[in-house]
Amino acid sequence: MHMKLYQKSLIYIIIGLFVLGFSTDTQAQQADGALDPAGYINKYDTDFDGIGPRVYVLPAPRTREELLTDSYKEKTVFQDSIDRALDFQELMVDFKTTRAEMNVQHLLSPLPSTALARNELVEREVERGNYNAAYGLLHTYASLSLKEGTIARTLDLLQSALQHAQKTSNTSDVAVIQYNLANIYLYDKNIQQAGYFQEAYYKTAVQQKSIIDQANSLLKIALIQAHDKDYRSAENNIIRKAIPLLNRAKAYEQKIIAWQTLARIYQLQNKHTEAQWFLIQARDLANSKNFSGELAEIEYMLASSKFVQKNYNVAKKEFLQADELAKSEDNKLLQLAIADKLGQIYMTQSDFNNAEATLHSYQDLRTELFGKGQ
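Residues numbered from 1 in each chain as written. Predicted model: local features only at pLDDT ≥ 70, side-chain atom pairs only at ≥ 80, totals over all residues. Heavy atoms only, no water.

(A) Structural detail: the overall build of the protein chain. For the protein chain, the helix and strand inventory stands at 16 helices and zero strands. Looking at the protein chain as a whole, 41% of its 374 residues qualify as buried. Long-range pairs, those at least 24 residues apart, make up 60% of the contacts in the protein chain with a sequence separation of at least 6. Carbon together with sulfur atoms contributes 51% to the accessible area of the protein chain, which is approximately 21,700 Å² in total. (Helix = DSSP H or I, 4+ residues; strand = E, 2+ residues; numbered from the N terminus. Buried < 20%, exposed > 50% of the residue type's maximum accessible area, 1.4 Å probe, protein only. Contact = heavy atoms within 4.5 Å. Areas by Shrake-Rupley, 256 points an atom, 1.4 Å probe, with all protein chains shown as cover.)

Right, here's the structure in full:
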């Protein structure tokens, strides 16, 4: 009986020692790894018994891929601002001047420093019945306002300029003001007003038998129709009306713009195969006639359609070509738009070196163009 009790006690002692050893090993493993599964803590005191935890367990540092992914995700909300800025840049380039502006420069030297002083200058000319000077001043103010990006103020000034211009016999300047109003209303997404003033400009172009002005106006009317989702009319206005006029006038540079406009209308419909066909026509014509002014924009539009179609290798090649052209033109806004999409391609293809370099270029350009707060 005593022997049995002895054997049983011995068994308990062996089991206890085994459990104690296992527990000691487990604690050692925790000290070596479980407390810091990432393995980034090199020195700590496992015997510490003071206030607070024995070890502060730190999360593993974020990987380069994770950091880049977050950076690219954060900047997606700014894409609309870039597109809007590109539209504004085009609006500025397309803004026409009136003849009357040349005759009022002496009144603007120096330029009145306040809005009140500017208004008084206009009122003085109106009181004299000099409506040519009045609308010339107002149109100049509108141009300055547009450069500042104050769209509502620009429209008000142009409307006032138009009212005074219509009191004169200068129908050409009246048409110019209507043309500018139409473009700014389109930018401001006021389709009805944009259509009204562009139709008025087109009517004057027909009366004056100006083929190129007619064609140019038809392109603008087509864009207005496209934004109103009347795509069939928009396409017909370019293919059946504007292009034949430009062919007759042998206006090749304007024809390049016509192909681009048609491509843009197809892009609005998500018809990127058709858009690319017309962009290739525009590019070929530009190269054959040595008109390089639109090439950067054409390459960017081609690449953008390939990007939407997820044909990333070709899109990357075209974006890089567009970037070279944009740099040669010092078109930094277009460079920013290119970097925005090109970086996304690099991320999709896990090319993190180029993705990081392109992100830095994007951030530098964005800060230069929009400021640090944007």
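That shown, we press on.
(B) Fine view of the packing of aromatic side chains. Under the counting rule described, the total for this entry stands at eleven aromatic pairs. Seen from their ring centres, tyrosine 179 and tyrosine 201 are 4.8 Å apart, and the 50 degrees between their planes marks the pair as tilted. Highlighted residues: tyrosine 179 in helix H7 (residues 171-187) and tyrosine 201 in helix H8 (residues 191-207), separated in sequence by 22 residues. With relative accessibility at 5%, the residue tyrosine 201 sits in the buried group. (Phe/Tyr/Trp six-rings, centres within 6.5 Å; stacked < 30°, edge-to-face > 60°.)

(C) Layout of helix H14 (residues 312-329). Over its 18 residues, H14 runs 25 Å from end to end, which matches the ideal 26 Å to within 8%, given 1.5 Å per residue. Within the sequence span of H14, burial applies to Ala315, Lys316, Glu318, Phe319, Ala322, Asp323, Leu325 and Ala326. Of the residues flanking the end of H14, it is aspartate 330, one or two places downstream, whose phi is positive at about 55 degrees. (Expected span 1.5 Å × (residues − 1).)

(D) Representation of the environment of serine 143. Within the secondary structure, serine 143 sits in helix H5 (residues 131-147). Classification of serine 143 as buried rests on a relative accessible area of 17%.

(E) Structural view of the side chain of serine 217. Structurally, the position occupied by serine 217 is in helix H9 (residues 211-227). A relative accessible area of 0% places serine 217 in the buried class.

(F) Quick look at the layout of surface pockets. If you add up the space inside the largest pocket, you get close to 1,900 Å³. In this structure, the largest pocket is lined by 48 residues; those nearest its centre are Leu86, Asp87, Glu90, Arg264 and Glu297. Contributions of two or more residues to the lining of the largest pocket are made by helix H3 (79-94), H7, H9, helix H11 (252-268), helix H13 (295-308) and helix H15 (332-348). Element by element, the count of residues in the lining of the largest pocket is highest for H3, at eleven residues. By residue class, the composition of the lining of the largest pocket is 18 nonpolar, 15 polar and 15 charged. Empty space within the second largest pocket amounts to approximately 160 Å³. As for the second largest pocket, its lining consists of Leu320, Asp323, Lys327, Gln335, Ile338, Ala339, Leu342, Ala357, Thr358, Ser361 and Leu365. Secondary structure elements with two or more residues in the lining of the second largest pocket: H14, H15 and helix H16 (352-370). (1 Å grid on protein atoms, 1.4 Å probe; cavity = no way out; pocket = protein on both sides within 12 Å on 5 of 7 lines; lining within 4 Å. Points joined across faces, edges and corners; volume = space filled by probe spheres on them. Nonpolar A, V, L, I, M, F, W, Y, C, P; charged D, E, K, R; others polar.)

(G) Region of interest: the nonpolar core. Core analysis: the largest hydrophobic core is formed by 95 residues, its most contacted members being Tyr141, Ile177, Leu181, Ile184, Ile265, Tyr300 and Phe319. Looking at this core, the element that brings in the most residues is H15, giving ten residues. If we skip the residues at most four places from it in the chain, tyrosine 300 touches Asp83, Leu86, Phe319, Ala322, Leu334, Ala337, Ile338 and Lys341. (Core = buried A, V, L, I, M, F, W, Y, C linked by side-chain atoms within 4.5 Å.)

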